[in-house]
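In case you want the letters, here they are:
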Amino acid sequence: MAHLHAHPSEHEHTPETAGRLIRWARFYDPFVNVLALGRRRRLRQQTLALATITAGATVVEIGCGTGDVTLLAARAAGPSGTVTGIDPAPEMVALARKKAQAAGLAAHFQVGVAEQLPFADASIDVVFSSLMMHHLTDDLKQRAFYEVKRVLKPGGQVVIVDFARSDNLASKFFASLLLHPTMRLGVQDLAPLLRAAGFTQLSTGSLGLMRLGFVRAVA
């Protein structure tokens, strides 16, 4: 498994991106726990279970935040796996590294953006995105999906967990207040963008938690 880089994140620069960044890393886990009605760990485990991760797998989480899903993936991939989380916010990467060190897991975290993934073509088995896609504009979502398709091995999986779009006025207010004021697409609307990027075997569904759903596809 890739070794945890020890250089401090404060020396890393925030990359240029039109996506929305979350800089308040210390408060992110409690915030997600509130959104998940106290079931943050269950949410992360459900996300992991949507993909097949075998020992030795190469896994990437884009927009990894504080690293919850990345660390679960590192346990599943085992010592022979290579698991990496990327996030555009250095503060998130710094906290994720601390959590990995405390857990004794050799997951690697680095600053990076979904629309320009720092991985070789056809090198990744599984890509996760959890509660991140709503931070990207529609054009960035499409660029990110082309990048995910590029780095996945043939037959590799992408799993996206995010909020579903709702026509309910209260839900729209919630999305505007807490998520993204310009959020137009929900997770159920991402399938056409994935197909345009060349993905097949698409499936969608609900997590049965809040307004969270998933879409997964095969490269």
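Our structure is the block above this text.
Throughout what follows, the structure given in this document is the object of discussion.

What counts, and at which threshold
- Residues numbered from 1 in each chain as written.
- Predicted model: local features only at pLDDT ≥ 70, side-chain atom pairs only at ≥ 80, totals over all residues.
- Heavy atoms only, no water.
- Salt bridge = Lys/Arg side-chain N within 4 Å of Asp/Glu carboxyl O.
- Helix = DSSP H or I, 4+ residues; strand = E, 2+ residues; numbered from the N terminus.
- Buried < 20%, exposed > 50% of the residue type's maximum accessible area, 1.4 Å probe, protein only.
- Contact = heavy atoms within 4.5 Å.
- Core = buried A, V, L, I, M, F, W, Y, C linked by side-chain atoms within 4.5 Å.
- Expected span 1.5 Å × (residues − 1).
- Arc of directions from axis to C-beta.
- Pairing = 2+ DSSP bridges.
- Axes fitted to C-alpha atoms, helices over the stretch in contact; angles between N-to-C directions.

Our focus in this paragraph is the pattern of salt bridges. Enumeration according to the criterion identifies six salt bridges in this entry. Note that lysine 99 and aspartate 68 form a salt bridge whose closest N and O atoms lie 2.7 Å from each other. With lysine 99 in helix α4 (residues 90–103) and aspartate 68 in helix α3 (residues 68–77), this residue pair connects regions lying 31 residues apart in the sequence. Judged by relative accessible area, which is 12%, aspartate 68 ranks as buried. Arginine 150 is paired through a salt bridge with glutamate 147; the nearest N and O atoms lie 2.8 Å apart.

One can find threonine 58 in strand β1 (residues 58–62). Owing to a relative accessible area of 17%, threonine 58 belongs among the buried residues under this scheme. Apart from the residues lying within four places of it in its own chain, the contact partners of threonine 58 are Thr82, Ser123, Ile124, Asp125 and Val126.

The next subject is the nonpolar core. Soluble globular proteins: nonpolar side chains tend toward being buried together. Grouped together as the largest cluster of nonpolar side chains are 32 residues, with contacts concentrated most on Ile53, Val59, Phe109 and Phe128. Secondary-structure elements contributing two or more residues to this core are α2 (40–49), α3, α4, β3 (108–111), β4 (124–130), β5 (152–163) and β7 (212–218). Sort the elements by how many residues they give to this core and α3 lands first, with six residues. Once residues lying within four places of it in the same chain are set aside, the contact partners of valine 59 are Ile53, Ala73, Thr82, Val83, Thr84, Ile124, Val126 and Phe128. Membership of the second largest hydrophobic core comes to 28 residues, among which are Val60, Val148, Ile160 and Ala217.

Under the 1.5 Å per step criterion, the end-to-end length of α4 is 20 Å for 14 residues, consistent within 8% with the ideal 20 Å. Among the residues of α4, Pro90, Met92, Val93, Ala96, Arg97 and Ala100 are the ones counted as buried. With its buried residues spanning 150° around the axis, α4 presents them on a single face. Facing away from the buried side of α4 by more than 90 degrees, the exposed set consists of Lys98 and Ala102. Phi turns positive, to about 70°, at glycine 104, one or two residues after α4.

In this section: the sheet that holds β7. The sheet built from seven strands is open, its strands ordered β3-β2-β1-β4-β5-β7-β6 with mixed pairing. The open sheet has two edge strands with one neighbour each: β3 and β6 (200–206). Shown here is a sheet whose adjacent strand axes are inclined to one another by a mean of 15°, direction ignored. Both β6 and β7 contribute to a ladder of five bridges, which runs antiparallel. Residue pairing for β7: threonine 200 is matched across the bridge by valine 218. Together, β1, β2 (82–87), β3 and β4 form the strand contacts of α3, whose direction differs from that of β2 by roughly 170°. Against the sheet, helix α5 (residues 138–151) touches β1, β4 and β5, its axis set at about 145° to β5.

With 14 residues, α5 should cover 20 Å at 1.5 Å per step; its first-to-last C-alpha distance of 20 Å lies within 8% of that length. The secondary structure elements touched by the buried residues of α5 are β1, β4, β5 and α7 (191–196).

A separate point is the environment of leucine 105. Tracing the chain through its elements places leucine 105 in the loop between α4 and β3. For the pair leucine 105 and proline 79, spaced 26 residues apart in sequence, the C-alpha separation works out to 8.7 Å. Here leucine 105 is in contact with Leu71, Arg75 and Ala100, once residues within four sequence places are set aside.

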